[in-house]
Amino acid sequence: MDTFFAIIGLVIAFFLIKKRESVGNSLGEYEWMSYVGGIYGVVIIVAILIFFWSLATLTGTQDFFFTPLRLLFPFLFKTAEPLPTDTNPFL
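Residues numbered from 1 in each chain as written. Predicted model: local features only at pLDDT ≥ 70, side-chain atom pairs only at ≥ 80, totals over all residues. Heavy atoms only, no water.

**Details of the overall build of the chain**
- Looking only at helices and strands, the chain has five helices and zero strands in total.
- Going residue by residue from the N terminus, the α and β elements of the chain occur as α-α-α-α-α.
- Burial status across the chain gives 16% buried among its 91 residues.
- Sequence-distant contacts in the chain: of pairs separated by 6 or more residues, those separated by 24 or more amount to 44%. (Helix = DSSP H or I, 4+ residues; strand = E, 2+ residues; numbered from the N terminus. Buried < 20%, exposed > 50% of the residue type's maximum accessible area, 1.4 Å probe, protein only. Contact = heavy atoms within 4.5 Å.)

**Let's talk about the packing of aromatic side chains**
- Enumeration according to the criterion identifies five aromatic pairs in this entry.
- Here the aromatic rings of Phe51 and Phe52 are separated by 5.4 Å at their centres, their planes lie at 70°, and the arrangement is edge-to-face.
- For Phe51, a relative accessible area of 35% puts it in the partly exposed group. (Phe/Tyr/Trp six-rings, centres within 6.5 Å; stacked < 30°, edge-to-face > 60°.)

**Some points on the environment of Leu10**
- Topologically, Leu10 is positioned in helix α1 (residues 2-18).
- For Leu10, a relative accessible area of 24% corresponds to the partly exposed category.
- Placed 44 residues apart in sequence, Leu10 and Ser54 show a C-alpha to C-alpha distance of 6.1 Å.
- Sequence-distant contacts of Leu10, that is, excluding residues within four places in its chain, are made with Phe51, Ser54, Leu55 and Leu58.

**Quick notes on the nonpolar core**
- Listed in full, the six residues of the largest apolar core are Leu16, Met33, Ile39, Val42, Val43 and Ala47.
- Here the element with the most residues in this core is helix α3 (residues 38-59); it accounts for four residues.
- When neighbours within four sequence positions are excluded, Ala47 is seen to be in contact with Ala13, Leu16 and Ile17. (Core = buried A, V, L, I, M, F, W, Y, C linked by side-chain atoms within 4.5 Å.)

**Digging into the environment of Gly28**
- Mapping Gly28 onto the fold places it in the loop between α2 (20-27) and α3.
- For Gly28, a relative accessible area of 26% gives the class partly exposed.
- It is 7.2 Å that separates the C-alpha atoms of Gly28 and Ile39, two residues lying 11 residues apart in sequence.
- The residues touching Gly28, leaving out its near neighbours within four places in the chain, are Met33 and Ile39.

**Brief notes about the confidence of the model for the chain**
- Per-residue confidence for the chain gives a mean pLDDT of 87; residues scoring 70 or more make up 86%.
- Of all helices and strands in the chain, the one with the weakest mean pLDDT is helix α5 (residues 67-72) (84), whereas α1 scores best (95). (pLDDT = per-residue confidence, 0-100.)

Here it is in structure tokens:
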């Protein structure tokens with residue numbers, strides 16, 4: 001199922017870049033968007049992030065892709081619990 005969503009993400013990223021003018025016009029523009037190039041710049045940045053996220057999902061490199069976020073926000077990522085060890089000396 002992850003592969004399916006990753007392929008859909010690649011298609012969405014392609015169409016966001018191809019149709020950025022119509023997407024930008026439908027979303028509108030806010031003041032904070034002027035710092036990153038306006039609505040069209042925001043649409044391109046979102047499309048690039050979706051593309052790389054989908055590519056990382058397809059190749060199985062999400063751990064490498066999200067390492068900077070994991071270092072900045074460790075509470076957002078669930079860590080694997082260690083397996084319980086057998087501490088019974090009589091077994």
